[in-house]
Amino acid sequence: MTSQAVSIPADGSAIAGDLVLPPEAAAVVLFAHGSGSSRHSPRNRAVAASLQDVGLGTLLMDLLTAREEQVDVVTARHRFDIGLLGRRLVSAIDWLGEQPATARLPVALFGASTGAAAALVAAAERPGPVRSVVSRGGRPDLAGDVLSRVRAPVLLIVGGEDTQVLEMNREAAARLSAPHRLHVVPGATHLFEEPGALEAVAAAAREWFLRPGPREEPSPRGP
């Protein structure tokens, strides 16, 4: 397994990432963290390690430059700029397509919180390389009209006790035309901090990324 720090060109600057590739990786999962977080998110790194164990590469990246991070800490100006965050993911998808080690690998997207909306924007913009999308406790509703343009299969993972976000995900699922499924983790809250909750997220994500579709199950309407 190879691991390296990478620098991804974006909007005339560069953003940092950590790329891990198992031998003969089946795909690369690009992570989009939530508001106020970074590529060092312990929850995303735990999920990434689980994916690496089954032969999936991972790229955890920051979505903001160092200067933008400094501004955002004070003003929260950028963390809800879904257009900006989506463009950063598109830049990373294009970058992966240019690297010898990853150029032929399909891309999957894993978004958390606001990063889920950015992942859906990127999936809509790059339908060729993006094979599937997973949202963890995400805000897919923030992707707006882009939802109807997504073509990759989408898995929406939400904690059963995260009632407000669960309803937002139900509403967003109804606007998706791509194959999709809403997966509720019983007893879990927004950060999936309960015993076994994050492991359940990782297991569902692994299955979706390894067998991304088509999925014909209707989105559940009950908790």
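Going by the structure above, here's the rest.
Attention here is on the structure that accompanies the text. Everything quoted here is computed from the prediction, not taken from an experiment.

It is worth spelling out the environment of P153 at this point. Structurally, P153 is set in the loop between β6 (130–136) and β7 (154–159). Residues P153 and V133, 20 residues apart in the sequence, show an inter-C-alpha distance of 6.2 Å.

What follows deals with the packing of aromatic side chains. Under the definition given, this model contains one aromatic pair. Ring centres of F31 and F110 lie 4.9 Å apart, and the angle between their planes is 40°; on these two criteria the pair is classed as tilted. Of this pair, F31 sits in strand β3 (residues 28–32) while F110 sits in strand β5 (residues 107–112), and the two are 79 residues apart along the sequence. F110 carries the same exposure label as F31, and that label is buried.

With that out of the way, let us pick up the packing of helix α1 (residues 42–52) against helix α6 (residues 197–210). Two elements in contact, α1 and α6, have axes whose closest approach is 9 Å; the angle formed by their N-to-C orientations is 45°. When the interaxial angle is binned, α1 and α6 end up oblique. Pair α1 / α6 crosses with right-handed handedness. Of the residues in α6, those touching α1 at R43, A46, V47, S50 and L51 are L198, V201, A202, A205, R206 and F209. Of the residues belonging to the contact of α1 with α6, the class tally is eight nonpolar, one polar and two charged.

With that out of the way, let us pick up the environment of A119. Residue position: A119 is located in helix α4 (residues 114–125). Residue A119 is classed as buried on the basis of its relative accessible area, which comes to 1%. For the pair A119 and L30, spaced 89 residues apart in the sequence, the C-alpha separation amounts to 8.8 Å. Those residues within four positions of A119 in sequence are excluded, and the remaining contacts are L89, L109, G111 and V133.

This next bit is on the sheet that holds strand β8 (residues 180–185). As summarised here, the arrangement of the eight strands in space is β1-β2-β4-β3-β5-β6-β7-β8, forming an open sheet in which the pairing is mixed. The outermost strands of the open sheet, each flanked by one partner alone, are β1 (2–10) and β8. Direction aside, neighbouring strands of the sheet carry axes that sit 20° apart on average. Where β6 lies against β7, four bridges are found, and the strand directions are parallel. Across the sheet, residue V133 finds its bridge partner in β7, namely V154.

The next thing to look at is unusual backbone geometry. Keep in mind that most residues, glycine aside, have a negative phi and that most peptide bonds are trans. Its identity is not glycine, yet D11 carries a phi of approximately 50°, on the positive side. Phi at S113 is positive, roughly 55°, even though this residue is not glycine. Residue placement: S113 occurs in the loop between β5 and α4. Look at S113 and you get buried, because its relative accessible area is 16%.

The tally for this structure, following the rule as stated, stands at eight salt bridges. Measuring nitrogen to oxygen at the nearest pair gives 2.8 Å for the salt bridge that ties D94 to R126. With D94 in helix α3 (residues 82–98) and R126 in the loop between α4 and β6, this pair connects stretches of sequence that are 32 residues apart. Taking the relative accessible area as the measure of exposure, R126 reaches 26% and is therefore partly exposed. Taking the shortest distance from any N to any O, the salt bridge between R139 and D141 comes out at 2.7 Å. Judged by its relative accessible area of 22%, D141 is partly exposed.

Where α3 meets α4, the axes come as close as 8 Å, and the angle between the chain directions of the two elements is 55°. Overall, the two elements α3 and α4 adopt an arrangement that is oblique. Two packed elements cross with a definite hand, and for α3 against α4 that hand is right-handed. Taking contact as the criterion, the partners of I82, L85, G86, L89, V90 and I93 in α3 are, on α4, T114, A117, A118, A119, V121, A122 and E125. Residue classes in the contact of α3 with α4 are distributed as ten nonpolar, two polar and one charged.

About the criteria used
Residues numbered from 1 in each chain as written. Predicted model: local features only at pLDDT ≥ 70, side-chain atom pairs only at ≥ 80, totals over all residues. Heavy atoms only, no water. Helix = DSSP H or I, 4+ residues; strand = E, 2+ residues; numbered from the N terminus. Phe/Tyr/Trp six-rings, centres within 6.5 Å; stacked < 30°, edge-to-face > 60°. Buried < 20%, exposed > 50% of the residue type's maximum accessible area, 1.4 Å probe, protein only. Axes fitted to C-alpha atoms, helices over the stretch in contact; angles between N-to-C directions. Parallel < 35°, antiparallel > 145°, perpendicular 65-115°, else oblique. Left-handed = near helix turned anticlockwise from the far one by under 90°. Contact = heavy atoms within 4.5 Å. Nonpolar A, V, L, I, M, F, W, Y, C, P; charged D, E, K, R; others polar. Pairing = 2+ DSSP bridges. Salt bridge = Lys/Arg side-chain N within 4 Å of Asp/Glu carboxyl O.

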